Number of protein chains: 2
Amino acid sequence: MSICQTPQPPYVCAIFTSIRTSVEAGYEEMNEATFLEIQGIEGFLGVENFRTPEGFGINISYWKDMESLKYWRDNALHQRAKALGKKQWYQSYKLRIAVVEREYGFEVE
Amino acid sequence: MSICQTPQPPYVCAIFTSIRTSVEAGYEEMNEATFLEIQGIEGFLGVENFRTPEGFGINISYWKDMESLKYWRDNALHQRAKALGKKQWYQSYKLRIAVVEREYGFEVE
């Protein structure tokens, strides 16, 4: 993973923090499919994520505005992923929708 | 790690995404010290974080409001950690300050 290059704020982010069940069936495939799908959504700016071997994960997706995040919310593949996620892949999660107001960067020259 | 129990929005979060250098000296000690320090800051709600073995990390701290986040920004230990971080521990980072507007949860019964 790497740090997202995001534009000047304000922009929007969706913070998805989750704990997985032990069900593996179909999970990776859906992950890859939604990763491809999200790239095509108008206003998608990028994603930062990881999952620990113990199943705790953070996924932050960045969006131009609430409008673009709504396209993603209403996306059919995403809705299917969400339904299957609740049914089998996730033990618990929180999804937080936030507006980024300020951004500070640092990089070694 | 686990999922933070946060109050009804709105509240604030600071998303710190970073890539480490290979310098280990003092890093864990400072991490532990700031983790203890942050618990005592008025308005601190919790933190979700991780770092991969390759050195990519996400740290999201949650705050009651911008006021409480400013207490943390101005905290002396935190400022020292930041200065040392830029000098030796981090190759690059982004810090994003955001207002959480909505939160959705899910938990298997």
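**Comments concerning the overall build of chain A**
- Along chain A, the regular secondary structure elements total three helices and four strands.
- Taken from the N to the C terminus, the helices and strands of chain A come in the order β-α-β-β-α-α-β.
- For 109 residues, the compact-globule estimate of 2.2 N^0.38 gives 13 Å, and chain A sits close to it at 15 Å.
- Oriented by its inertia axes, the alpha-carbon framework of chain A measures out at about 40 × 30 × 20 Å.
- Expressed as a percentage of the 109 residues in chain A, the buried residues total 50%.
- The long-range share in chain A, meaning contacts at least 24 apart out of those at least 6 apart in sequence, stands at 78%.
- With an accessible surface of roughly 5,900 Å², chain A has 52% of that area assigned to carbon and sulfur atoms.
- For chain A, the distance from the average site of its 12 positive side-chain charges to the average site of its 15 negative ones is 11 Å.

**Looking at the confidence of the model for chain A**
- The predicted model of chain A has a mean per-residue pLDDT of 96, with 99% of residues at 70 or higher.
- Note on the complex model: pTM 0.96, ipTM 0.95.

**Thoughts on the environment of B:Leu69**
Residue and element names in this part refer to chain B.
- Along the chain, Leu69 falls in helix H2 (residues 66-73).
- You can call Leu69 buried: its relative accessible area is 11%.
- Placed 32 residues apart in sequence, Leu69 and Glu101 show a C-alpha to C-alpha distance of 17 Å.
- Residues within four places of Leu69 in sequence aside, it is in contact with Val12, Ala14, Trp63 and Ile97.

**Details of the relation of the copies chain B and chain A**
- Mapping chain B onto chain A is achieved by rotating through 180° and translating by 0.0 Å along the same axis, at an RMSD of 0.0 Å. Within this description, the copies of the chain are treated as partners about a two-fold rotation axis. Of every C-alpha in chain B, the one belonging to B:Val99 sits nearest the axis of rotation, 2.6 Å from it.
- Mapped onto chain A, 100% of the interface residues of chain B are again interface residues, and the two copies thus contact each other with one and the same surface.

**Concerning the sheet that holds strand S2 (residues 44-51) of chain B**
- An order of S2(A)-S3(A)-S1(A)-S4(A)-S4(B)-S1(B)-S3(B)-S2(B) is seen for the eight strands of this open sheet, with the pairing classed as antiparallel. Across the chains shown, the open sheet's two edge strands, defined by having one partner strand only, are strand S2 (44-51) of chain A together with S2 of chain B. For this sheet, the mean inter-axis angle between neighbouring strands, taken without regard to orientation, is 25°.
- As paired elements, strand S1 (residues 11-20) of chain B and strand S4 (residues 90-107) of chain B share 10 bridges and run antiparallel to each other.

**Digging into the packing of aromatic side chains**
- Taken as a whole and assessed by the stated rule, the structure comprises 21 aromatic pairs over all chains.
- Linked through ring pairs, A:Phe16, A:Tyr27, A:Trp89, A:Tyr90, A:Tyr93 and B:Phe106 together constitute an aromatic cluster.
- Seen from the ring of B:Tyr27, B:Arg20 lies directly overhead, with NZ or CZ sitting 3.7 Å from the centre.

What counts, and where the lines are drawn
Residues numbered from 1 in each chain as written. Chains lettered and ligands numbered in written order. Predicted model: local features only at pLDDT ≥ 70, side-chain atom pairs only at ≥ 80, totals over all residues. Heavy atoms only, no water. Helix = DSSP H or I, 4+ residues; strand = E, 2+ residues; numbered from the N terminus. Rg over C-alpha atoms; globule rule 2.2 N^0.38 Å. Buried < 20%, exposed > 50% of the residue type's maximum accessible area, 1.4 Å probe, protein only. Contact = heavy atoms within 4.5 Å. Areas by Shrake-Rupley, 256 points an atom, 1.4 Å probe, with all protein chains shown as cover. Lys, Arg positive; Asp, Glu negative; His and termini not counted. Charge placed at Lys NZ, Arg CZ, Asp CG, Glu CD. pLDDT = per-residue confidence, 0-100. Least-squares fit on C-alpha atoms with pLDDT ≥ 70 in both. Pairing = 2+ DSSP bridges. Axes fitted to C-alpha atoms, helices over the stretch in contact; angles between N-to-C directions. Phe/Tyr/Trp six-rings, centres within 6.5 Å; stacked < 30°, edge-to-face > 60°. Lys NZ or Arg CZ within 6 Å of the ring centre and 35° of its normal.

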